[in-house]
Amino acid sequence: NAALAARALQFNGQLDEAIEILEKEFEKLPEKTKARHTLAEFYSFNKMNKRAEELYLSAINEQPDDIIALNNLASLLLSEGEFKDAYGYAQRAYEKSPNIPQIADTLAWSAFKLDKIDIAVQKSNEAYDKLPSSMNIALNHVEILATSGKRAEARSLLNTLQPQHKKHIERKQELLNRLGD
């Protein structure tokens, strides 16, 4: 499997070789959606955002209902500060699959970044209610609640979270500092 081989090479610090494997796989089967998603995710993970964006847009042009490409492109655009475009793609993904919590979370976060707080709270509630075990969703939910004026609820939820990964631990601490005690 090309994706597994690429991830192993990446883990060993052989980024160029990993990308080469994925690109060759994609060249053999450019219409293969999974190969395109894997390559785009790999680009995004390795901060090659423009290349990832091109692949997601290509996937969406071929399959306008590709919720993975829509949601991942929205997430990528959020990370680049392109909130309005991110919101548009997140809305499209949500319209196709409103029951997937990660998609609701992406829509909530993009709405939050555009100061559409009522929409952000609604979609964040949906995402968290469906998948409270996701630390990303929970931390986003805390931040959205706090910003919407529900600081006590945000603080209460935050105090129950037990993050394991460094980025989540740091974000929890940042939120605790902002919310105070």
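Please refer to the structure placed before this passage.
Below or above, wherever it landed, is the structure these notes cover. What you see is a predicted model, and the numbers here were worked out from it, not measured in a lab. (Residues numbered from 1 in each chain as written. Predicted model: local features only at pLDDT ≥ 70, side-chain atom pairs only at ≥ 80, totals over all residues. Heavy atoms only, no water.)

A closer look at helix α7 (residues 101-113)
Line of reasoning, step 1. For α7, which comprises 13 residues, the first-to-last C-alpha distance of 18 Å matches the rise-based estimate of 18 Å (1.5 Å per residue) to within 8%.
Line of reasoning, step 2. Among the 13 residues in α7, 11 count as buried, and that is most of the element.
Line of reasoning, step 3. Within the span of α7, buried status applies to Pro101, Ile103, Ala104, Asp105, Thr106, Leu107, Ala108, Trp109, Ser110, Ala111 and Phe112.
Line of reasoning, step 4. Immediately beyond the C-terminal end of α7, within one or two residues, lies Asp115, with a positive phi of roughly 60 degrees. (Helix = DSSP H or I, 4+ residues; strand = E, 2+ residues; numbered from the N terminus. Expected span 1.5 Å × (residues − 1). Buried < 20%, exposed > 50% of the residue type's maximum accessible area, 1.4 Å probe, protein only.)

Topic: the nonpolar core
Line of reasoning, step 1. Counting residues in hydrophobic clusters, the biggest one holds 50 residues, and the most contacted among them are Tyr56, Leu73, Tyr89, Val142, Ile144, Leu158 and Leu161.
Line of reasoning, step 2. For Leu161, the residues in contact, after removing those within four places along its chain, are Met135, Ala138, Leu139, Val142 and Lys172. (Core = buried A, V, L, I, M, F, W, Y, C linked by side-chain atoms within 4.5 Å. Contact = heavy atoms within 4.5 Å.)

Re unusual backbone geometry
Line of reasoning, step 1. Of note in this structure, Asp115 is not a glycine but carries a positive phi near 60 degrees.
Line of reasoning, step 2. Structurally, Asp115 is set in the loop between α7 and α8 (117-130).

Some points on the packing of helix α6 (residues 83-96) against α7
Line of reasoning, step 1. Here α6 crosses α7 at 150 degrees, and the two axes come no closer than 9 Å. It follows from the interaxial angle that α6 and α7 lie roughly antiparallel. Remark: the crossing between α6 and α7 carries left-handed chirality. Taking contact as the criterion, the partners of Phe83, Ala86, Tyr87, Ala90, Gln91, Ala93 and Tyr94 in α6 are, on α7, Ile103, Ala104, Thr106, Leu107, Ser110, Ala111 and Lys113.
Line of reasoning, step 2. Broken down by class, the residue content of the contact of α6 with α7 amounts to 10 nonpolar, 3 polar and 1 charged. (Axes fitted to C-alpha atoms, helices over the stretch in contact; angles between N-to-C directions. Parallel < 35°, antiparallel > 145°, perpendicular 65-115°, else oblique. Left-handed = near helix turned anticlockwise from the far one by under 90°. Nonpolar A, V, L, I, M, F, W, Y, C, P; charged D, E, K, R; others polar.)

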